[in-house]
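Observations on chain architecture
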Amino acid sequence: MDQAGDAIPIAELFDERQHLLDVARWMLGRGHEAESVVAETYRRWYALSEPDRGRITDPRSWLAKTAGAICLARLELPEHRSADLRARGVRSGQRDGSLEEEVSQVLLDALDALSPAERAAFVLNDVFGMAPGAVADVVGHTERECAELAERARHSVRARRTRATTTRQHDLVVRAVGQACADGDSSLLASLLAADVTAFFDGGGKVRALTRPVHGRPRVARGLLTLLARHPSMTMVPHSVNGRTGLIVRYEDQVAAVICLDIAGPHVVQVWVVLNPDKLRLWNRTRLAPGTPRPQDRP
C-alpha cells in the first residue's frame, strides 16, 4: 500500500477511509471517536513489516476487521459504557451529524442497549455485510455464536421499534406495501412508511445489494421501488415469515428475496430485505409455483 509500485487512486483512498469511519461510527454510536479509531487502525497497518503487509491480499478487509476489533475493545471498557449512558441523556439536543443523518434516534438507542458482542455482530453482519468468518475473528466467537448474537440483536432492535398490532392489522399493512411496490405507487408506499423508517438490505456480499441501511421515508420508498421494479419474470406474494406475514419475491421460479416488515400502528418502522443466496437456500430447496405454501423457514 505504501510502495510507489502499488500506488492507490485517491478516490479509492478516500472511499476506504470513509468506510472505516462508517464502521467506527456504527460500532461506537458517536462520531467523535471514529477519527481516533481510524488513526489507530492505520497505525497498526504501518506497524506491520513490509513483507507482512505484502502478504495481505485484501487490505480494505484487513483494515475494516482491525477497526472493528478496536471498536469492540473500546465498547467493552466500563468507562465507555458509562459514557454511553451519559450520551443518551444529551443526544436529543446534540446531533452528531454524519452519523445521525443516516440513522434514527430510536435505532441508536436500540444499539446502545445491546451488549458489545451483540452490537459488533449486528453492525458487522447486518450493516456492513462482513463475511461470517471475518465477523467471528473480530467478535472472538465462532461463526455460529456470532449468528446467534446477531439474531438476538435483531430481536432487541425490532422489539424496541414495534408496537403490538393484531395479526389482521399487520397483514393489511404488509399486503398494502406489497401492492404499492407491485404497482410502483410511490405515494401509497410513502404513506405506509414511518417518517424515520429504516431498511436493512442483507446481500451477504453475494449480490450487489445496498451495503448500508437506508433511513427515512423518501429514501426507503425509493430503494424498495427500485429493487422491486416490475418485471415479467418477477412475482411478489404475501407469505408467513417467522410467524407473521412477510413478502416473498420470486424471479422466475427461484426465491430472490424475503422481506420482513416491523410495524407500529399503521406504519412500517423497519424493513429487513434478505437477498443473500446462502440465507435463501432453504426457500429454494424445492421449486414451487408462486403462491404455493411452504413451511415457515427463517431467512
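Above this note sits the structure.
Residues numbered from 1 in each chain as written. Predicted model: local features only at pLDDT ≥ 70, side-chain atom pairs only at ≥ 80, totals over all residues. Heavy atoms only, no water.

Looking at the side chain of asparagine 125
- Among the secondary structure elements, asparagine 125 is positioned in helix 8 (residues 116-127).
- Residues contacting asparagine 125, with those up to four places away along its chain left out, are Met130, Val135, Arg154 and Lys279. (Helix = DSSP H or I, 4+ residues; strand = E, 2+ residues; numbered from the N terminus. Contact = heavy atoms within 4.5 Å.)

Some thoughts on unusual backbone geometry
- Non-glycine residue asparagine 242 carries a positive phi angle of around 55 degrees.
- With respect to the helices, strands and loops of the structure, asparagine 242 is situated in the loop between strand 3 (234-241) and strand 4 (244-251).
- Positioned with a positive phi, glutamate 252 is a non-glycine residue whose angle comes to about 55 degrees.
- On the accessibility criterion, glutamate 252 (51% relative accessible area) is exposed. (Buried < 20%, exposed > 50% of the residue type's maximum accessible area, 1.4 Å probe, protein only.)

Re helix 13 (residues 217-227)
- Turning to helix 13, its buried residues number three or more, namely Val220, Ala221, Gly223, Leu224 and Leu225.
- If you follow the buried residues of helix 13, they end up packed against helix 11 (167-183), helix 12 (186-192), strand 1 (193-202), strand 2 (214-215) and strand 6 (267-274).

Some remarks on the pattern of salt bridges
- Evaluated as defined, the whole model comprises 17 salt bridges.
- Between lysine 279 and aspartate 202 there is a salt bridge whose closest N-O contact spans 2.5 Å. One end of the pair, lysine 279, is in the segment after strand 6; the other, aspartate 202, is in strand 1, and 77 residues separate them in sequence.
- On the accessibility criterion, aspartate 202 (13% relative accessible area) is buried.
- Here the salt bridges share partners, and the residues they tie into one network are Glu40, Arg43 and Arg44. (Salt bridge = Lys/Arg side-chain N within 4 Å of Asp/Glu carboxyl O.)

Overview of the packing of helix 1 (residues 10-28) against helix 2 (residues 34-47)
- Relative to each other, helix 1 and helix 2 sit at 125 degrees, their axes nearing to 9 Å. For the element pair helix 1 / helix 2, the angle class is oblique. The two elements helix 1 and helix 2 cross, and the hand of that crossing is right-handed. In this structure, helix 1 contributes Glu16, Arg17, Leu20, Leu21, Ala24, Arg25 and Leu28 to the contact, and helix 2 contributes Ala34, Glu35, Val37, Val38, Thr41 and Tyr42.
- When grouped by side-chain class, the residues that make up the contact of helix 1 with helix 2 number eight nonpolar, one polar and four charged. (Axes fitted to C-alpha atoms, helices over the stretch in contact; angles between N-to-C directions. Parallel < 35°, antiparallel > 145°, perpendicular 65-115°, else oblique. Left-handed = near helix turned anticlockwise from the far one by under 90°. Nonpolar A, V, L, I, M, F, W, Y, C, P; charged D, E, K, R; others polar.)

Notes on a nonpolar patch on the surface
- Together, Ile10, Leu13 and Phe14 give the surface a local cluster of nonpolar side chains, amounting to about 330 Å² of exposed area.
- Mapped onto the fold, phenylalanine 14 is located in helix 1.
- For phenylalanine 14, a relative accessible area of 61% translates into the label exposed. (Patch = residues over 30% accessible without salt bridge, like charges linked within 9 Å, V, L, I, M, F, W, Y side chains within 5 Å. Areas by Shrake-Rupley, 256 points an atom, 1.4 Å probe, with all protein chains shown as cover.)

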